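Read off the chains here:
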Amino acid sequence: MDFILDIIEQNQVYIIIGLVVLSIVFLIIAIVNSAKCSSLKKKYDAFMQGKDGKSLEDDILFRLEQIDELIESNAANERNIDLIFKRLQKTFQKYGMVKYDAFDEMGGKLSFTLAMLNERNDGYVLNVVHSREGCFSYVKEIIAGNPILSLSPEEQEALEDALLKDEQ
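Residues numbered from 1 in each chain as written. Predicted model: local features only at pLDDT ≥ 70, side-chain atom pairs only at ≥ 80, totals over all residues. Heavy atoms only, no water.

**Q** Just checking my understanding: could you explain the overall build of the chain for this structure?
**A** When helices and strands are tallied, the chain shows four helices and five strands. If you list the helices and strands of the chain from N to C, you get α-α-α-β-β-β-β-β-α. Against the compact-globule benchmark of 15 Å for 168 residues, the chain has a radius of gyration of 44 Å, which places it well outside the compact range. The dimensions of the chain, computed from C-alpha atoms along their principal axes, are 135 × 45 × 30 Å. Counting the 168 residues in the chain, one finds 15% classified as buried. Sequence-distant contacts, at least 24 apart, represent 42% of the contacts inside the chain between residues at least 6 apart. With an accessible surface of roughly 13,300 Å², the chain has 61% of that area assigned to carbon and sulfur atoms. (Helix = DSSP H or I, 4+ residues; strand = E, 2+ residues; numbered from the N terminus. Rg over C-alpha atoms; globule rule 2.2 N^0.38 Å. Buried < 20%, exposed > 50% of the residue type's maximum accessible area, 1.4 Å probe, protein only. Contact = heavy atoms within 4.5 Å. Areas by Shrake-Rupley, 256 points an atom, 1.4 Å probe, with all protein chains shown as cover.)

Written out as structure tokens, the structure is:
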């Protein structure tokens, strides 16, 4: 024990300097922590200013209700978009039209052929022939871009025009 006391007496200056440095480090840490706590308290006070626990709870519940409404609205929008896309596949989206003079003596290109196709290239070719005796209409079905019956040159041209709309 005397040995330890002799060491302490000989190194008192170093021990005191070490304790002073350690005290300064702890003081700096305490000041930094105090500043951080003060900053956090200011933020908390600003957040809670004018609000009690009940009004804050009401605000949170209101926002949660809004989120639920948005989720329901989004689901309805997705259903509607799916329905629109399903219907859109069946609508005519591409067309080709050729006007021609069915009988050279008529003039004026009063006859025409109209090809109407959906997204899958299914549809119809409508041929309207105008003559002095009257107007006659013919419809030929198209499946996957191919006619069921043979087409006239004008009908084929209208079909090709409609099919080219898919590439544009």
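Further notes follow.
**Q** Help me understand a negative patch on the surface in this model?
**A** Taken together, E65, D68, E69 and E72 make up a surface patch of like negative charges. Turning to its location among the elements, D68 is positioned in helix α3 (residues 53-90). The class of D68 is partly exposed, set by a relative accessible area of 43%. (Patch = residues over 30% accessible without salt bridge, like charges linked within 9 Å, V, L, I, M, F, W, Y side chains within 5 Å. Salt bridge = Lys/Arg side-chain N within 4 Å of Asp/Glu carboxyl O. Lys, Arg positive; Asp, Glu negative; His and termini not counted. Charge placed at Lys NZ, Arg CZ, Asp CG, Glu CD.)

**Q** Explain the pairing of strand β3 (residues 123-130) here, please?
**A** Regular strands show a simple pattern: their side chains alternate between the two faces of the sheet. Judged from the six bridges that link them, strand β2 (residues 111-117) and β3 form a sheet pairing that is antiparallel. The residue bridging T113 from the neighbouring strand is N127, located in β3. Linking β2 back to β3 in an antiparallel pair, the connection comprises five residues, with N121 at a positive phi of about 65°. Inspection of the sheet shows β3 paired to strand β4 (residues 135-143) by eight bridges, in the antiparallel sense. Looking at the pairing, V129 lines up with F136 of β4. (Pairing = 2+ DSSP bridges.)

**Q** Please clarify how the nonpolar core should be interpreted in this entry.
**A** Most often, soluble globular proteins keep nonpolar side chains buried together rather than apart. Core analysis: the largest hydrophobic core is formed by nine residues, namely V98, A115, L117, V125, I142, L151, A158, L159 and A162. With near-sequence residues (within four places) excluded, A162 lies in contact with K94, Y95, G96, A115 and L117. (Core = buried A, V, L, I, M, F, W, Y, C linked by side-chain atoms within 4.5 Å.)

**Q** What should I look at first to understand the packing of aromatic side chains in this one?
**A** In this description, an aromatic ring pair is defined by two values, namely the gap between the centres and the angle between the planes. Under the definition given, this model contains one aromatic pair. Geometrically, the ring pair formed by F92 and Y124 is edge-to-face, given 6.3 Å between the ring centres and 75° between the ring planes. Note that F92 is positioned in the loop between α3 and β1 (94-100) and Y124 in strand β3, a separation of 32 residues in sequence. Taking relative accessible area as the criterion, Y124 reaches 38% and is therefore assigned partly exposed. (Phe/Tyr/Trp six-rings, centres within 6.5 Å; stacked < 30°, edge-to-face > 60°.)

**Q** Help me understand the pairing of β4 in this model?
**A** Between β3 and β4, which pair antiparallel in sequence order, lie four residues; one of them, G134, sits at a positive phi of approximately 155°. Here β4 pairs with strand β5 (residues 146-147) via two bridges, running antiparallel. In the sheet register, I143 faces β5, and the bridge partner there is N146. Following β4, the chain reverses through two residues before pairing antiparallel with β5; A144 in that reversal takes a positive phi of roughly 55°.

**Q** Got a minute to help me understand the sheet that holds β1 in this structure?
**A** By definition, the strands of a sheet pair up through backbone hydrogen bonds, in either a parallel or an antiparallel sense. Pairing is antiparallel in the open sheet, where five strands are placed in the order β1-β2-β3-β4-β5. Two strands lie at the open edges of the sheet, namely β1 and β5, each paired on one side alone.

**Q** Whenever I open this one, the pattern of salt bridges confuses me. Can you help?
**A** Pairing is possible between side chains of opposite charge, provided their charged atoms come close. Under the defined criterion, the tally for this structure stands at two salt bridges. A salt bridge links R120 to D122, with the nearest nitrogen and oxygen atoms 3.9 Å apart. Two residues, E155 and K140, come together in a salt bridge whose shortest N-O distance is 3.0 Å. One end of the pair, E155, is in helix α4 (residues 153-165); the other, K140, is in strand β4, with 15 residues separating them in the sequence. With relative accessibility at 2%, the residue E155 sits in the buried group.

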